[in-house]
Every structure is written in C-alpha cells, then in structure tokens.
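# Examination of the molecular architecture
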Amino acid sequence: MRFGFDEYIHLGSPLHRWDPRYKLIGLLALIFAFSFVSDLRMLPAMVVVTSAAYIISKLPVSFMLTRLRYPSFFLLAVVLLLPFLSGETIVMSIGPLDLRQEGLVAVLLIATRFLSILTIGLVLFSTAPFLTTIKAMRALHLPAILTDMALLTFRYLQEIGDYLHRMETSMRLRGFGERRFSIQGFRILAWLGGSILVRSYERSEWVYKAMILRGYGQAESLKGEFQASYTDVFALGATLLIAAGFVAGDILI
Amino acid sequence: MHIPDGILPASVCAAGYAATVPIAWYSIHKIRKGGDPRENIPKASLLTAAFFVASWIHIPVPPTSVHLVLNGLLGVVLGHFAFPAILIGLFFQAVMFQHGGLTTLGVNAIVMGFPALLSYYIFRFGNIFRKDSNIIAGVFGFLAAFCAIGLSVSIFVVVLITNIPGGFDVSTERAAIYTLALAHVPLMFIEGAFTAFVAVFLRRVQPKLLVRA
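Residues numbered from 1 in each chain as written. Chains lettered and ligands numbered in written order. Predicted model: local features only at pLDDT ≥ 70, side-chain atom pairs only at ≥ 80, totals over all residues.

Our next topic: the overall build of chain B. A tally of helices and strands in chain B yields eight helices and two strands. Beginning at the N terminus, the succession of helices and strands in chain B can be written as α-α-β-β-α-α-α-α-α-α. Whereas a compact globule of 213 residues would reach a radius of gyration of roughly 17 Å, chain B reaches 17 Å, a difference of no more than 12%. When its C-alpha atoms are laid out on the principal axes, chain B stretches across 55 × 40 × 30 Å. Per-residue burial over chain B gives 56% buried out of 213 residues. For chain B, long-range pairs separated by at least 24 residues make up 76% of all intrachain contacts whose partners lie at least 6 apart in sequence. (Helix = DSSP H or I, 4+ residues; strand = E, 2+ residues; numbered from the N terminus. Rg over C-alpha atoms; globule rule 2.2 N^0.38 Å. Buried ≥ 20, exposed ≤ 12 C-beta atoms within 10 Å, placed from the backbone. Contact = placed C-beta atoms within 7 Å.)

What follows is the structure in structure tokens.
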C-alpha cells in the first residue's frame, strides 16, 4: 500500500526550496483567505493565484487529476443537487425541477473555493518531504504530543495497511465471502479489526523500547534544522499580502 | 461524514478551530496528568494508524458496502488520546485522500472527536458494574459507539444544512435533516454492534487495550 506522498519532492521548484515553516504559514493563510471569499467577482483572481502557484510548483497536472478522483463525487453531488434545492429565484424549469439562481451561484462559489483550496493544499504538502513538514509544525510550536503522534502514525500507517491487505487476502483464500451480510461474517470482520488493534498494540511496546534506547524523550533541538533566507521571508510577506488582499477585496467590493 | 473545503463560510471554520483548541488542550492536559506521556505516545500512535486502517474494512450491506467511522471504538480504546488521534487521522485523510479538508479540520474534529470523548466516558461508566464481564463490555461498547455516531450525525447534519450558501426553504431544510439523519440510523446499529464485538474480543485477547475507570 503506497500513498505517493513524496513522489514529486525532487522537482526543485522555488516552492520546493521555500523554508517549510514559512511555506506552512503563507499557504495556510492563503487557504483560509480563500475560504473567506463569498463574492463571485473574487473568483477569477482566486483561479489565477491558484494556477500560478501550481505552475510554479512544477507539479504535473496528472497528479492533481488523480487526487481529484475521490472529491469529484462530492463535487458531482453539489452540482446536481444545489441548483435545484437551494434558493428562491427560479431561472428555468426542467420538467418538475426548478433551476434556482441562488443555487447556481452557490455551486460556482463552492466548486471554485473547493478546487482552489485543494490545489494549494497539494502544493503545500507535495513540495517537501512529509516528515519535514511535520517537523516544521513542531518548530512552529505545535504540541509535541501531536507532532510525535503524527510522525509515528505516518511511519506505521503503510505497514498496518499492508497487514490488513494480507489478512483480507488470506481470509478470501480460506473461503471467507464478504458479499452477503451475515452475523457470523460480521463478527469475523470485527475480529479482523480487533486483531489489527492487538497486533499494533503489541508492536507499540517494542517500538517504545527501541525509541527509549535511541534517546527518545531527551531534549531535542530543531535549531539548525531550518534556516530561512531573505527570499523565504520575502515570499512569506508576498503570500500574506495576497491573502490579506482576498479578505480585504471580499469586504470592500 | 467529513465536511470538505469550500462549503462552509470562514467564520464557521474559525469557530471549529476555536472549539477544537480547548478540547485538544483538555485531552493533552489529561494525558500529561495521567503519567509519563512518552510511554503512551507510541501505543496511541500505532493504534491511531490501526484505526485509520480498520476504517477501510468493507462491511457488506447489500446492495452496497459501508466503511465504518469507528470514533466510538476509538474512545473505548484510546480514552483521552481519542481526540488527538482523530485530529491526526482527519489531517491525514485531508492531505492524503482529499477527504475532508484543511479549513474544515476544526469542524470535522468536533463532529468526530467530541463524540469519541463522550463514548470513552460511556464505556468507562460500564466499569463500575463488573470489569471482567463480556456482557458488560459488549453492552457498553454498543452504547458508546451508538451514541458517538448519533451525536456525530446530529452535529454534522446541523452544521452542513444551516451553512449551505443560498439557503433552503424551511420544508426542504427539514426534509434534508430528516433524510440525512434517518439514512444514518442503520450505521448507528452497525457501528454499535461492531464495537460490541471488538470490545468482547479485546477483553478476551488483550484486556489492557480497553480503557479503565
């Protein structure tokens, strides 16, 4: 089981070289500024900024398309339902269904915000090794309990995923059919879930001992791990200005 | 039951984060109070990964199949670690699968995490009867997950329906709330039964995994 997280970290774009701490602050500010936008006239600017960030990151378009596979179901539901259910001003009637203006506006707003935020999120987490991004969060004073848990969870996610895959394969080979619902089959699936928990718990005891032997819990300094240049600071300032521009623009227009 | 980016206004996203911070702080405070957190972090982390993976198990509900939420079971096994675990799980889901979102992480953490904490207290309440009983573990496991999903669905539906831009008329809004809520009732029973079976399994195989009073 592979997540394809660090597939494009070698591309060497300016966004790849940006200090992860500054990148986190800057792009998260941009993401939140996008979620603030509620005026349709701000949407073209949002699309331009998002496209520019994606082009600068050098990430391939095919990468974004594969990442859109799951959320496309949500988009489809929004596009199909909202124009007919939301609002009062009827623009057109198709048989028994009324197409409403407020619903159409909402679809445009939601879809653009959604795609822009998703794209900036991809740029944020695909232009640096994931572990570096988590370390940057710790350097920004996120509680150590959260960052340590995130690092360890990420470390073992793949292995436990592979374990589930092996267990499901061996269950099928032994004749377990999961297509029909039965209490016995349901109980076996619960035991499968339980055995994943037990195995992970037992593994964690060994992991803890190994971590203690390697000095886990000693005061650890992240100084020197990240070093920002003037370019990083300038890029942060520019991104924050753009984010502030979206918020101000939405309020003033 | 994950609200994606772009659908909620910024004020609601900010309120979600504002509500998440004190609950996360409370959980971390309780974890630190319960002894050396270093020892429990590897356990909680591997179990978080295990929960993440266990939620991929398909439960056949003809003509389709469903994935479980497992926030009730998380509370039953992880106790105060449940909220940080859900926060991390939601973050991974948003970043890896674009399921949920970064701006809605706070709201989704409340939808999933607050009921998980509640389920921890429900299951712990069962310990005042008999700690070594399979029936008690099963009954309170069921109740913990049933209530967790019920509360999650209630918060999810109210947040989603009341914040759709453009707005619904009253009758559509009411119909949407009833439809969404009713659609999740079978899931409440499935999650409850699944958690009951897992709680009994864990009590037999590795009782240390279940939360204690």
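Here the narrative resumes.
A word on the overall build of chain A. Scanning chain A for helices and strands turns up 10 helices and two strands. Along its sequence from the N terminus, chain A presents helices and strands in the succession α-α-α-α-α-β-β-α-α-α-α-α. Taken over the C-alpha trace, chain A has a radius of gyration of 23 Å; the compact-globule value for 253 residues is 18 Å, which it surpasses by more than 25%. Referenced to the eigenvectors of the C-alpha coordinate spread, the extents of chain A come out at roughly 60 × 60 × 30 Å. Considering chain A as a whole, with its 253 residues, one finds that 35% of them fall into the buried category. For chain A, restricting intrachain contacts to residue pairs at least 6 apart in sequence, the fraction spanning at least 24 positions comes to 76%.

Turning our attention to the domain arrangement of chain A. Residue and element names in this part refer to chain A. When the domains of chain A are assigned, the result is domain 1 (14–137 + 226–252) and domain 2 (143–213). On a C-alpha basis, the centroid separation for the pair domain 1 and domain 2 is 34 Å. Counting residues at the interface gives four residues for domain 1 and four residues for domain 2. Class assignment of the residues belonging to the side of domain 1 that touches domain 2 gives a composition of four nonpolar, no polar and no charged. (Domains from an automatic or database assignment. Nonpolar A, V, L, I, M, F, W, Y, C, P; charged D, E, K, R; others polar.)

Residue and element names in this part refer to chain B. With 94% of its residues at a pLDDT of 70 or more, chain B shows a mean pLDDT of 85. The element-level mean pLDDT for chain B is lowest in helix H7 (residues 170–183), coming to 75, with helix H5 (residues 105–126) highest at 91. Across the interface, the model reports ipTM at 0.85; the global pTM reads 0.87. (pLDDT = per-residue confidence, 0-100.)

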